[in-house]
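This is what each chain is made of:
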Amino acid sequence: MPASRSGPTGQPHPPFAGRSKATSPTTFTTVKPGQSVKTTWAVTAPADAKPGDQALSAQATYKNAKSSDEGASTIRVGYNPVDATAATPAGLDLVAGHSTSVRVNVTNNTARSTDVTVQADVPSGWTASAPQPVSLNAWESKTVTFSLAPAKDAFGHATVTLSANGEFPTASSTVPATVGKPIMMVGETDASSHEFALSPNRYSAYPSTFPNDVTFTAGVSNPATDWSYIQPGPLDSWAKSQSHTFTLNFNLATAPSSDLTFTAWLEDTHPTAPPALAIGLNGAAVSNVQTPAGGGGGASSANNTKPSTLNVTLPAANLKAGDNTVTITTTGGSWMVYDAFAIRQLP
């Protein structure tokens, strides 16, 4: 609408022809050059309307008070024919200099098949895997995976943009990302436990392989032999139906001035009895955690997994220069499967 014109009237056009009614128009008596005006309408779609089969349009008519000049502008408010959204819309938990597998849900909101290209746009200095072509049937949803790696010196908060491109205007969504600085990290957040002992499915060998549970020293121990991919819980009869403690030893050059965080990226947990955990630091209890229910496939390398992330604050007052020890004990429930774990600093 030209800024030099005044006296606009805005009214929505019926988005569902023959089945809806436009609301009353809104009138603005004067609109000055460069000025923006706003109004709100309530529009209700009929109960049998399907997502993506219509678009809403609104029309603004105007009249120049100093002349007979009149006209109209039409504004179209469209749906996204295809949506690309992160499987974890609340945000991404990333580590500087390390690649993370990110699941993206791609949904066709139309009644016809379509081919799209999905991509992830990241801040300067980061890397992301190449755009991916996706073929979708009518109303179909698929999940694709991207690898994202923040720059080695990244730290703080950022935004990743996901977009779907095809025979329609680009649809995009944003997801917040938190980037932590690793003090030490074992494994990669790649939705796989392949770096660890007994992976992918030799859970029944845990009692004989780790009769005294796991003790691991960062920078010395080998994750392929010294850290089990699965940590049993008291409900696991194949692991003697008892609590199990994993011990992580790590060294700090100096005593930190701020809290650190123990992070465990879990590939999966038991679907109905996920483990309850007690976390200790240098002999002191620091947290009790209930892990979320998983998909159930992680113990046997099946596809039905549900990843989650565990972050536990390690108080600076309990940390020291030299050797430090974190303990993770399953106090209730069943198993969990590791993707990676770290000691890190969060923003």
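Just so we're clear, the structure is a prediction, and the values are computed from it rather than from any experiment.

### Description of the overall build of the protein chain
Step number 1: For the protein chain, the count of helices and strands is two helices and 22 strands.
Step number 2: The buried share of the protein chain, taken over its 347 residues, is 42%.
Step number 3: Put simply, of all contacts in the protein chain between residues at least 6 apart along the chain, 71% involve residues at least 24 apart.
Step number 4: As presented, the protein chain carries roughly 17,000 Å² of accessible surface, and 49% of it is formed by carbon and sulfur atoms.

### Description of the packing of aromatic side chains
Step number 1: With the rule as written, the count across this model stands at 11 aromatic pairs.
Step number 2: Relative to Trp238, the ring of Tyr203 has its centre 5.1 Å away and its plane inclined at 65°; by these criteria the two rings are edge-to-face. Note that Tyr203 is positioned in the loop between β13 (168–186) and α1 (206–209) and Trp238 in the loop between β15 (230–231) and β16 (245–252), a separation of 35 residues in sequence.
Step number 3: When the centroid spacing of 6.3 Å and the interplanar angle of 10° are considered together, the rings of Tyr206 and Phe246 count as stacked. Of this pair, Tyr206 sits in helix α1 while Phe246 sits in strand β16; the two residues are 40 residues apart in sequence, bridging distant segments of the chain. Neither residue differs from the other here; Tyr206 and Phe246 are each classed as buried.
Step number 4: By way of ring pairs, the aromatic residues Phe196, Tyr206, Phe210, Phe216, Trp227, Phe246, Tyr338 and Phe341 are connected into one cluster.

### Here's the deal with the sheet that holds strand β18 (residues 276–281)
Step number 1: Spatially, the five strands line up as an open sheet ordered β14-β16-β21-β18-β19, and their pairing is mixed. Only two strands of the sheet have a single partner each, and these edge strands are β14 (214–217) and β19 (284–290). Across this sheet, the average inter-strand angle for adjacent strands is 20°, counted without regard to direction.
Step number 2: Looking at chain direction, β18 and β19 are connected through six bridges and run antiparallel. Bridging across to β19, Ala278 finds its partner in Asn288.

### Quick word on the confidence of the model for the protein chain
Step number 1: The pLDDT averaged across the protein chain works out to 87; a share of 83% of its residues lies at or above 70.
Step number 2: Note on residues 1–20: pLDDT is under 50 here. Beyond four places in sequence and across chains, it has 73 contacts.

### Some words on the sheet that holds strand β11 (residues 141–149)
Step number 1: The sheet built from four strands is open, its strands ordered β5-β7-β11-β9 with antiparallel pairing. Since the sheet does not close on itself, it has two edges, and those belong to β5 (82–86) and β9 (127–128), each with one partner.
Step number 2: The pairing of β9 with β11 spans two bridges and is classified as antiparallel. Residue Thr127 lies in a different strand from β11, and its bridge partner there is Ala149.

### Considering the nonpolar core
Step number 1: Membership of the largest hydrophobic core comes to 38 residues, with the highest contact counts inside it found for Trp227, Phe262, Val326 and Ile328.
Step number 2: Leaving out residues up to four positions away in the same chain, Ile328 has contacts with Trp227, Gln231, His244, Thr245, Phe246, Phe262, Leu277, Ala278, Ile279, Met336 and Tyr338.
Step number 3: By size, the runner-up hydrophobic cluster in this structure holds 28 residues, among which are Ala84, Ala96, Val104 and Ala151.

### Side note on the pairing of β14
Step number 1: Only one face of β14 is buried, namely the one carrying Val214 and Phe216, since none of Thr215 and Thr217 on the opposite face is buried.
Step number 2: Inspection of the sheet shows β14 paired to β16 by four bridges, in the parallel sense. Bridge pairing in β16 links Val214 to Phe246.

### Points about the environment of Met336
Step number 1: The residue Met336 is located in strand β22 (residues 336–345) in this model.
Step number 2: Among residues more than four places away in sequence, those in contact with Met336 are Tyr229, Ile230, Gln231, Leu266, Asp268, Thr269, Pro275, Leu277, Thr291 and Ile328.

### With respect to the pairing of strand β7 (residues 100–108)
A regular strand places its side chains so that they alternate between the two faces of the sheet.
Step number 1: Only one face of β7 is buried, namely the one carrying Thr100, Val102, Val104, Val106 and Asn108, since none of Ser101, Arg103, Asn105 and Thr107 on the opposite face is buried.
Step number 2: Bridging between β5 and β7 involves five bridges; their strand directions are antiparallel. Across the sheet, residue Asp83 finds its bridge partner in β7, namely Thr107.
Step number 3: As defined by bridge partners, β7 adjoins β11 across eight bridges and the pair is classed as antiparallel. Across the sheet, Val104 pairs through a bridge with Val144, a residue of β11.

### Some remarks on the side chain of Asn108
Step number 1: Relative to the elements of secondary structure, Asn108 occurs in strand β7.
Step number 2: Contacts of Asn108, omitting those with residues within four sequence positions, involve Pro81, Val82, Ser113, Thr114, Leu136, Asn137, Ala138, Trp139 and Glu140.

### Some words on the pattern of salt bridges
Step number 1: Here the structure, examined in full by the defined rule, presents two salt bridges.
Step number 2: A salt bridge links Asp93 to Arg344; the nearest nitrogen and oxygen atoms lie 2.6 Å apart. Residue Asp93 is located in strand β6 (residues 92–95), and its partner Arg344 is located in strand β22; the two are separated by 251 residues in the primary sequence.
Step number 3: One salt bridge connects Arg112 with Glu167, and the closest N-O pair in it is separated by 2.7 Å. Pair noted here: Arg112 is in the loop between β7 and β8 (114–121) and Glu167 is in the loop between β12 (156–166) and β13, with a separation of 55 residues, a long-range link.

About the cut-offs
- Residues numbered from 1 in each chain as written.
- Predicted model: local features only at pLDDT ≥ 70, side-chain atom pairs only at ≥ 80, totals over all residues.
- Heavy atoms only, no water.
- Helix = DSSP H or I, 4+ residues; strand = E, 2+ residues; numbered from the N terminus.
- Buried < 20%, exposed > 50% of the residue type's maximum accessible area, 1.4 Å probe, protein only.
- Contact = heavy atoms within 4.5 Å.
- Areas by Shrake-Rupley, 256 points an atom, 1.4 Å probe, with all protein chains shown as cover.
- Phe/Tyr/Trp six-rings, centres within 6.5 Å; stacked < 30°, edge-to-face > 60°.
- Pairing = 2+ DSSP bridges.
- Axes fitted to C-alpha atoms, helices over the stretch in contact; angles between N-to-C directions.
- pLDDT = per-residue confidence, 0-100.
- Core = buried A, V, L, I, M, F, W, Y, C linked by side-chain atoms within 4.5 Å.
- Salt bridge = Lys/Arg side-chain N within 4 Å of Asp/Glu carboxyl O.

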